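Coordinate inspection notes
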Amino acid sequence: MSLNKKAFQYICNLVFKQAAIILSEDKEYLVETRLSPLAAKSGFGSVNDFIHSISKSPTEAIKQKITEAITTNETSFFRDQYLFEEIRDSIIPEIIKNNEDSRGFKIWCAASSTGQEPYSLAMLIDDSFPQLDGWDIEIIATDINCDVLSKAKSGIFSQIEVNRGLPARLLSKYFKKEGAFWMIDEGLKSRIQFSQINLAGRWGNLPIFDLVLMRNVLIYFNSDTKQEILKKAKQHLKPQGFLLLGTAESLVGLDVDLSKKKQGKVIYYATN
Ligand SMILES: C[S@@+](CC[C@H](N)C(=O)[O-])C[C@H]1O[C@@H](n2cnc3c(N)ncnc32)[C@H](O)[C@@H]1O
């Protein structure tokens, strides 16, 4: 049985309120597919019945579970390889120059999914910048989805996951094989702090960053939400800070006071 209109509308409203995620009208099938396991686990024979039942008095826990099931968590190590090359060749060297006195810097991976993005950064910094030994480098990785965060925190990846984007040299340098899985080096893992942050909610006590990666998440929001989030992100960027978005994302049409820079193929944003 396919999802009925009322049930679909209920989920659209719920995920918008919870996470500011916009579901277009053609996403009925996606909603049904992603909620099927949760409906079955909760003892319902159909997603329609599940939604009808929970809509009477939804708990915070079930709203969170539904939102998590709807989020798209696609990611990979060194996603958009040329971007990581630019981070290595230009952005980190610039950040090092800006922080020679304090000998420290901070990076935020907002919407870090299962962790490949922050781990790629941690490997890149450790592997390419031995001169940073003794520096105070903080990498904060956040996501709205607690399930993906706990997978990220575990630092355990399948063969398929490490086959996607991770060079063999870095795999053997930073991972240990345990059965069918690969575990990331504990030292590297301990350099990243994982926590839950809803970009459309309150951000709590976040520091000011040298580099913010907010990649492949703004595509799920409407213009007002994007603008609000990017204005807040700007307040968390140092005067010479960098903001990196996904390749399909930009500030076009948004009133955000950041300047666009181009370095090779990479577009990034910087405080004015
Ligand atoms: C497609 S993944 C992108 C992962 C990574 N940044 C990358 O580019 O490979 C999008 C992530 O955004 C998260 N997300 C969606 N809405 C969010 C929100 N309102 N606040 C924080 N994270 C959100 C999802 O849980 C998901 O893990």
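Scroll up for the structure.
A short tour of the structure in this document, coming up.

Calculation criteria
Residues numbered from 1 in each chain as written. Predicted model: local features only at pLDDT ≥ 70, side-chain atom pairs only at ≥ 80, totals over all residues. Heavy atoms only, no water. Helix = DSSP H or I, 4+ residues; strand = E, 2+ residues; numbered from the N terminus. Polar contact = N/O pair within 3.5 Å; in protein donor to acceptor, adjacent residues only side chain to side chain. Contact = heavy atoms within 4.5 Å. Near = heavy atom within 4 Å. Areas by Shrake-Rupley, 256 points an atom, 1.4 Å probe, with all protein chains shown as cover. Nonpolar A, V, L, I, M, F, W, Y, C, P; charged D, E, K, R; others polar. Core = buried A, V, L, I, M, F, W, Y, C linked by side-chain atoms within 4.5 Å. Buried < 20%, exposed > 50% of the residue type's maximum accessible area, 1.4 Å probe, protein only. Domains from an automatic or database assignment.

Another aspect to go through is the side chain of Gln64. Topologically, Gln64 is positioned in helix α4 (residues 60-70). A distance of 2.6 Å separates the side chain of Gln64 from the side chain of Glu68, its partner in a polar contact. What Gln64 contacts, discounting residues up to four positions off in sequence, is Gln18, Ile144, Asn145, Cys146 and Gln196.

Around the ligand, a shell composed of 22 residues is seen, among which Thr75, Arg79, Ala111, Asp143 and Asn216 lie nearest. Take Ala19: an N or O atom from its main chain is 2.9 Å from a nitrogen atom of the ligand. Here a nitrogen atom of the ligand and a backbone polar atom of Ile144 are 3.4 Å apart. For the ligand, whose unbound accessible area comes to 610 Å², protein coverage reaches 99%. Looking at the shell around the ligand residue by residue, the classes come out as nine nonpolar, eight polar and five charged.

This part is about the nonpolar core. In terms of nonpolar packing, the biggest core is built from 48 residues, with Ile66, Trp108 and Met214 touching the most fellow members. Contributions of two or more residues to this core are made by α1 (5-19), α2 (28-41), α3 (47-54), α4, β1 (104-110), β7 (209-214), α11 (223-235) and β8 (237-245). Of the residues that make up this core, three or more belong to each of domain 1 (5-70) and domain 2 (81-271). Those residues in contact with Met214 that sit more than four places away from it in its chain are Trp108, Ala110, Leu199, Trp203, Ile229, Leu230, Ala233, Leu243, Leu244, Leu245, Gly246 and Glu249. Among the nonpolar cores identified, the runner-up in size contains 44 residues, and Ile87, Phe105, Ala141 and Leu244 belong to it.

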